[in-house]
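Architecture and fold: a report
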Amino acid sequence: MKYITLSDDVISRMKFPKRTLIVSIPVRMDDGRLRVFKGYRVQFDDTRGPTKGGIRYHPSVNLDEVTSLSFWMTIKCAVVGLPFGGAKGGIEVDPKELSLLELERLSRGYIRAIADIIGPKRDIPAPDVYTNATIMGWMADEYNQIMREQLPAVITGKPIHLNGSLGREAATGRGALFVLLQWAKFKNLIPEQTTIAVQGFGNAGFHFAKLATQAGFKIIALSDSKGGIISNDSLDPQLIMNHKQTEKTLKAMLYCEGTVCEEAEFETISNEQLLELNVDILVLAALENQITEHNAANIKAKHILEIANGPINAAADELLNQRGVSVLPDVLVNAGGVTVSYFEWVQNRAGFYWEESEINHRLQNVMDKEAVNIFNLAQKNNTSLRTAAYLHGINRISGAMTEHGTHEHFQK
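Criteria and thresholds
- Residues numbered from 1 in each chain as written.
- Predicted model: local features only at pLDDT ≥ 70, side-chain atom pairs only at ≥ 80, totals over all residues.
- Heavy atoms only, no water.
- Helix = DSSP H or I, 4+ residues; strand = E, 2+ residues; numbered from the N terminus.
- Expected span 1.5 Å × (residues − 1).
- Buried < 20%, exposed > 50% of the residue type's maximum accessible area, 1.4 Å probe, protein only.
- Polar contact = N/O pair within 3.5 Å; in protein donor to acceptor, adjacent residues only side chain to side chain.
- Phe/Tyr/Trp six-rings, centres within 6.5 Å; stacked < 30°, edge-to-face > 60°.
- Lys NZ or Arg CZ within 6 Å of the ring centre and 35° of its normal.
- Core = buried A, V, L, I, M, F, W, Y, C linked by side-chain atoms within 4.5 Å.
- Contact = heavy atoms within 4.5 Å.
- Pairing = 2+ DSSP bridges.
- Axes fitted to C-alpha atoms, helices over the stretch in contact; angles between N-to-C directions.
- Salt bridge = Lys/Arg side-chain N within 4 Å of Asp/Glu carboxyl O.
- 1 Å grid on protein atoms, 1.4 Å probe; cavity = no way out; pocket = protein on both sides within 12 Å on 5 of 7 lines; lining within 4 Å.
- Points joined across faces, edges and corners; volume = space filled by probe spheres on them.
- Nonpolar A, V, L, I, M, F, W, Y, C, P; charged D, E, K, R; others polar.
- Parallel < 35°, antiparallel > 145°, perpendicular 65-115°, else oblique.
- Left-handed = near helix turned anticlockwise from the far one by under 90°.

**Notes on helix α4 (residues 133-147)**
With 15 residues, α4 ought to run about 21 Å at 1.5 Å a step, and its terminal C-alpha atoms sit 21 Å apart, in line with that. Here α4 has its buried residues at Ile135, Met136, Gly137, Trp138, Met139, Ala140, Glu142, Tyr143 and Asn144. Backbone nitrogen of threonine 134 and a side-chain oxygen of the N-cap are separated by 3.3 Å at the start of α4; the cap is asparagine 132. Within two residues after α4, arginine 148 carries a phi angle of roughly 60°, on the positive side.

**Side note on the packing of aromatic side chains**
Going through the model one piece at a time under the given rule, you end up with 10 aromatic pairs. Both rings, one in phenylalanine 44 and one in phenylalanine 71, keep their centres 5.3 Å apart while their planes meet at 65°; by these two values the pair is edge-to-face. Here phenylalanine 44, found in strand β2 (residues 34-45), pairs with phenylalanine 71, found in helix α2 (residues 63-79); they are 27 residues apart in sequence, far enough to count as distant. Classification of phenylalanine 71 as partly exposed rests on a relative accessible area of 23%. Pairing phenylalanine 201 with phenylalanine 206 gives two aromatic rings, centres 5.8 Å apart and planes at 85°, and the pair type is edge-to-face. For phenylalanine 206, a relative accessible area of 8% translates into the label buried. Here the aromatic residues Phe84, Tyr342, Phe343, Trp345 and Trp354 are joined through ring pairs into a cluster of three or more. Over the face of the ring belonging to tryptophan 354 we find arginine 362, whose NZ or CZ atom lies 4.2 Å from the ring centre.

**Here's the deal with the nonpolar core**
Nonpolar side chains in soluble globular proteins generally cluster together in the buried interior. Counting 67 residues, the largest nonpolar core has Ile196, Phe208, Val283, Leu305 and Ile307 as its most contacted members. Sorting elements by how many residues they give to this core places helix α13 (residues 356-381) first, with 8 residues. Apart from residues lying up to four places away in sequence, valine 283 is in contact with Ile196, Ala197, Val198, Gln199, Phe208, Leu305 and Ile307. Within the second largest apolar cluster, 27 residues are counted, among which are Met29, Val93, Trp138 and Val154.

**Side note on the sheet that holds strand β4 (residues 85-92)**
Here 5 strands make up an open sheet; going across it, the order is β1-β2-β4-β3-β5 and the pairing mixed. Of all the strands in the sheet, the pair left with one neighbour each is β1 (19-28) and β5 (123-127). Across the sheet, the mean angle separating the axes of adjacent strands is 25° when strand polarity is ignored. Judged from the 10 bridges that link them, β1 and β2 form a sheet pairing that is antiparallel. Across the sheet, residue valine 23 finds its bridge partner in β2, namely glycine 39.

**What to know about the pattern of salt bridges**
Following the criterion strictly, the structure yields 19 salt bridges and no others. Measuring nitrogen to oxygen at the nearest pair gives 2.7 Å for the salt bridge that ties aspartate 128 to arginine 56. One end of the pair, aspartate 128, is in the loop between β5 and α4; the other, arginine 56, is in strand β3 (residues 51-58), and 72 residues separate them in sequence. Across the pair, arginine 56 and aspartate 128 agree in class, each one buried.

**Quick word on the layout of surface pockets**
For the second largest pocket, the calculated volume is near 620 Å³. If you trace the second largest pocket, you find 28 residues lining it, with Asn321, Val327, Ser384, Leu385 and Arg386 closest to the centre. Grouping the amino acids of the lining of the second largest pocket by side-chain chemistry returns 12 nonpolar, 10 polar and 6 charged.

**Structural notes on the sheet that holds strand β12 (residues 326-328)**
The sheet built from 7 strands is open, its strands ordered β9-β8-β7-β6-β10-β11-β12 with mixed pairing. Both edges of this open sheet fall to β9 (267-269) and β12, since each of them pairs with a single strand only. Between one strand axis and the next, the sheet turns by 20° as a mean value, whatever way the strands run.

**Thoughts on the packing of helix α3 (residues 100-114) against α4**
The interhelical angle for the contact between α3 and α4, taken along N-to-C directions, is 45°, at an axis separation of 9 Å. When the interaxial angle is binned, α3 and α4 end up oblique. Note on packing geometry: the crossing formed by α3 with α4 is right-handed. Packed against α3, whose contacting residues are Leu100, Leu103, Glu104, Ser107, Arg108, Tyr110, Ile111 and Arg112, the element α4 presents Ile135, Trp138, Met139, Asp141, Glu142, Tyr143, Gln145 and Ile146 at the interface. Partitioning the contact of α3 with α4 into residue classes produces 9 nonpolar, 2 polar and 5 charged.

**What to know about unusual backbone geometry**
With phi around 60°, tyrosine 130 is a residue other than glycine that occupies positive phi space. Inspection of the secondary structure puts tyrosine 130 in the loop between β5 and α4. Classification of tyrosine 130 by relative accessible area gives partly exposed; the value is 29%. For asparagine 382, which is not glycine, the phi torsion reads 55° and is therefore positive. With respect to the helices and strands, the residue asparagine 382 is situated in the loop between α13 and α14 (385-404).

Okay, here's the thing in structure tokens:
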């Protein structure tokens, strides 16, 4: 390879996930019907430690998607130096169609189905798309009941009262901001003179936007799945979120039913229009494949921050690179979530819990260090930031695989 030398053994091992599990989850609905949902858990590689990765609830969840996400988690954990491998899970479901009780039955049923392959020293799930602390609390409780003991380290992203970690809720957005602040130093960007558009106003997008505003950046546009808003002045993400959460039904406790585009005082725009705004930084905090070869030429931002997993496809990534657009890659930018999940796991196992200020300080140390490593590696090798991040992560994985040696047993 051009930038790194890998043995044939390492290449062969990195081509395939170590374990794939497909499960059926029967759920008794509130009206008495029985529905069966399809679920997945993929553990890609555990050379560097127990596997780690989120669980997503979405109608488009499928095995190929979960496998790809588990590979990215393997790279991500290595990029920020965590003692984890990568995994991912998901259920093919639209969670917004379920009642709170149906959602709990589904979540507990999923854990019953995968309990044999997870554990604090084996595979540690966490929240992802349309899952959150409440759902993680149900899952952790179900696992504890199955095992007949308290094992809080099996799940991260739990509620604080169920041994969750302070700082976890904002960790993905906060980690992304730390990367951006290092990039601003690297490129001599002045926050107060830097405009940002944020696609995706869920947990990660909201916390990033709120913290970025506090750091002086100008958030001029925000969008969620229903549309977006734009302003000549910097928006106040907290006020926008307060409006979005006006409905207080049981479902709204889990999934926000409002939309940012209901803010009447601002001009409304579509998600597609937001992507093509002439801003300094475009933040992608929604879903995969938002920028493709079909709209890459219309992107005007000079820098792109990937908070979502895989928001730019391979063809578009190459086109953007050719145009000199700097893409700060997901495997670095959104690693704040898994980093604080690691802190939660450590605290659960030790039975000793840190103050939020210490967690945020530890997170900043990790993100600052690895961001600078990747920026310097990209500059040294004249590569894209994504290539540098993968080089950084794969080098750590390859080293671990090489030191482990082989686990093959031959019979004579």
